[in-house]
Amino acid sequence: MGFKALCFGLFCVLFASHIYVPIPGNIEEYWKVMALDAAAKTCTFMALCFENIGIMRYEEFISMIFKLDYTQPLSDEYVMVTDTAFTDIPVRLYLPKRKSETPRRAVIYLHGGAYCFGSCKQTAFDFLNRWTANKLDAVVVGVDYRLAPQHLFPAQFEDSIAAVKFFLQDKILTKYGVDPNRICISGDSSGGTLTAAVTQELQNDLEVNHKIKIQVLLYPHLQIIDSYLPSHRENEHGIVLTRDIAIKLVSLYLSKDETLPQAMKRNQHMPLESRHLFKFVNWTTLLPKKYRKDHVYTEPVLGRTNYSLPALMDSRASPLLANDSQLQNLPSTYILTCQYDTVRDDGLMYVSRLRNVGVQVVHEHIEDGFHGALSYMRSPLYLRLGLRIRDIYISWLDKNL
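Residues numbered from 1 in each chain as written. Predicted model: local features only at pLDDT ≥ 70, side-chain atom pairs only at ≥ 80, totals over all residues. Heavy atoms only, no water.

> Where do I start with the overall build of the chain in this structure?
Helix and strand counts for the chain stand at 15 helices and 10 strands. Scaling as 2.2 N^0.38, a compact globule of 401 residues should have a C-alpha radius of gyration of about 21 Å, and the chain matches this with 21 Å. Taken over the C-alpha atoms alone, the chain extends approximately 60 × 55 × 40 Å along its principal axes. When the 401 residues of the chain are sorted by exposure, 59% land in the buried category. Residue pairs in contact within the chain that sit at least 24 positions apart in sequence constitute 75% of those at least 6 positions apart. Split by element, the accessible area of the chain, about 17200 Å² in all, is 55% carbon and sulfur. Averaging the positions of the 43 positive and the 42 negative side-chain charges in the chain gives two centres separated by 2 Å. (Helix = DSSP H or I, 4+ residues; strand = E, 2+ residues; numbered from the N terminus. Rg over C-alpha atoms; globule rule 2.2 N^0.38 Å. Buried < 20%, exposed > 50% of the residue type's maximum accessible area, 1.4 Å probe, protein only. Contact = heavy atoms within 4.5 Å. Areas by Shrake-Rupley, 256 points an atom, 1.4 Å probe, with all protein chains shown as cover. Lys, Arg positive; Asp, Glu negative; His and termini not counted. Charge placed at Lys NZ, Arg CZ, Asp CG, Glu CD.)

Given below as structure tokens:
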């Protein structure tokens, strides 16, 4: 009881100290966002304190908070919801109850959470997938891939692609009444990374008979080789997600080497042999002038580290590193980016890369948006921004899937 009281008191003090951190003036529901930002940064500060004094790891504390938000598979009058497994990978299925004379569309959703947290069972993702199934009369699959740091890269990619390939089998599509020509993969944040990587793999795999019709990337994280893009600088102390925390979480995803996050903060984490890859993420040519502003390109310092980490040069971790021949086979793509987002420029550069090789791309930029907005669609963490992004996403799916 004393420890709980201490934690609550500490939270209140820290919350009060964070509530006056300025946020951009064009943000909708300004005071509510300020409060949510203060709460998120207070939890982060407490997690780091607990880690530093040896009570528990940062990711263990944050994971405990996320798990409080997990839901049960409750069906309603419109959608039947069940938890099952594709091979040994947990998934949550959303099946419309109304009868259909023709095969249905399908959406496979890969949730965000910085590779370390979250689940398709979270309130926001359960709400979004249930809404998608009902509004589109579509079969929806939420995939619960393994999480870091217990399972390092590429476990998350391997689970995601295994679940997708399982679903694409003729017998499974027939079982759930799905049209094999109308299947989409969607994902937000780190789920957007996985969506991009899985789609690249599937579309270039000659053994996969059924290809993805469209992919949707919602404020995706798409590269780890340059940690000092304009969006990293502008949103260093961003709403909910700061540059330092983003680097910490990516480091937990890739390696147990504790020198990696410090090297990434200095943009000195890449090996000498990676030099040829930087043309794929050169923001001076790939970003529209509006987002380049007056920023000066600083070439990352290579070869300063002692570790060997192949994941840093793997396109499954950084889909922007795929060469043009891999990208030109991709399906119609929808990419949503947010102005106040440390990974904003990843999505913007991917838009340029895909358009340069002839892929049909629709790009939506939310001028008052910030990272993780889809997590705020249900009470008490309700924002009109989250619902606005949901409606934009669903509208595009309905017209194009």
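So, next bit.
> Please clarify how helix 14 (residues 344–356) should be interpreted in this entry.
Since the α-helix packs 3.6 residues into each turn, any two residues three or four apart lie on the same face. Compared with an ideal rise of 1.5 Å per residue, which puts 13 residues at 18 Å, helix 14 spans 19 Å between its outermost C-alpha atoms and is within 8% of the ideal. Of all 13 residues making up helix 14, 11 are buried, and the element is well covered by its neighbours. Here helix 14 has its buried residues at Arg344, Asp345, Asp346, Gly347, Leu348, Met349, Tyr350, Val351, Ser352, Arg353 and Leu354. Immediately beyond the C-terminal end of helix 14, within one or two residues, lies Gly358, with a positive phi of roughly 90°. (Expected span 1.5 Å × (residues − 1).)

> Help me understand unusual backbone geometry, please; the structure alone is not making it clear to me.
In this structure, the amide linkage connecting Ala148 to the following residue, Pro149, adopts the cis form with an omega of 0°. Within the secondary structure layout, Pro149 lies in the loop between strand 4 (139–143) and helix 5 (155–167). Even without glycine at this site, Ser189 takes up a positive phi of about 55°. Position of Ser189 relative to the elements: it lies in the loop between strand 5 (178–188) and helix 7 (190–203). Exposure remark for Ser189: the relative accessible area of 10% places this residue in the buried category.

> How should the packing of helix 2 (residues 30–52) against helix 3 (residues 58–67) be read in this particular structure?
Each pair of packed helices can be described by the angle between their axes along with the distance between the axes. Running from amino to carboxyl end, helix 2 crosses helix 3 at an angle of 140°, the nearest separation of the two axes being 7 Å. The pairing of helix 2 with helix 3 is recorded here as oblique in orientation. The handedness of the crossing between helix 2 and helix 3 comes out as right-handed. Contact residues: helix 2 offers Cys43, Thr44, Met46, Ala47, Leu48, Phe50 and Glu51, while helix 3 offers Tyr58, Glu59, Phe61, Ile62 and Ile65. Along the lines of polarity and charge, the residues of the contact of helix 2 with helix 3 split into nine nonpolar, one polar and two charged. (Axes fitted to C-alpha atoms, helices over the stretch in contact; angles between N-to-C directions. Parallel < 35°, antiparallel > 145°, perpendicular 65-115°, else oblique. Left-handed = near helix turned anticlockwise from the far one by under 90°. Nonpolar A, V, L, I, M, F, W, Y, C, P; charged D, E, K, R; others polar.)

> Could you clarify how one ought to interpret the confidence of the model for the chain in this entry?
Predicted coordinates in areas of low pLDDT are best not read in detail. With 95% of its residues at a pLDDT of 70 or more, the chain has an overall mean of 94. Low confidence marks residues 12–20, where pLDDT is under 50. Its contacts with residues over four positions away, or in another chain, come to 14 contacts. (pLDDT = per-residue confidence, 0-100.)

> Is there a simple way to explain the nonpolar core in this structure?
Most often, soluble globular proteins keep nonpolar side chains buried together rather than apart. Ranked by internal contacts, the top residues of the largest apolar core, which has 59 residues, are Tyr58, Leu249, Leu254, Met349, Tyr350 and Leu354. Counting residues in hydrophobic clusters, the runner-up holds 43 residues, among them Phe127, Tyr340, Ile366 and Tyr376. (Core = buried A, V, L, I, M, F, W, Y, C linked by side-chain atoms within 4.5 Å.)

> For this particular structure, what's the right way to read helix 5?
With 13 residues, helix 5 extends 18 Å between its outermost C-alpha atoms, agreeing within 8% with the 18 Å of an ideal straight helix rising 1.5 Å per residue. If you check which residues of helix 5 are buried, you get Ala155, Gln156, Phe157, Asp159, Ser160, Ile161, Ala163, Val164 and Phe167.

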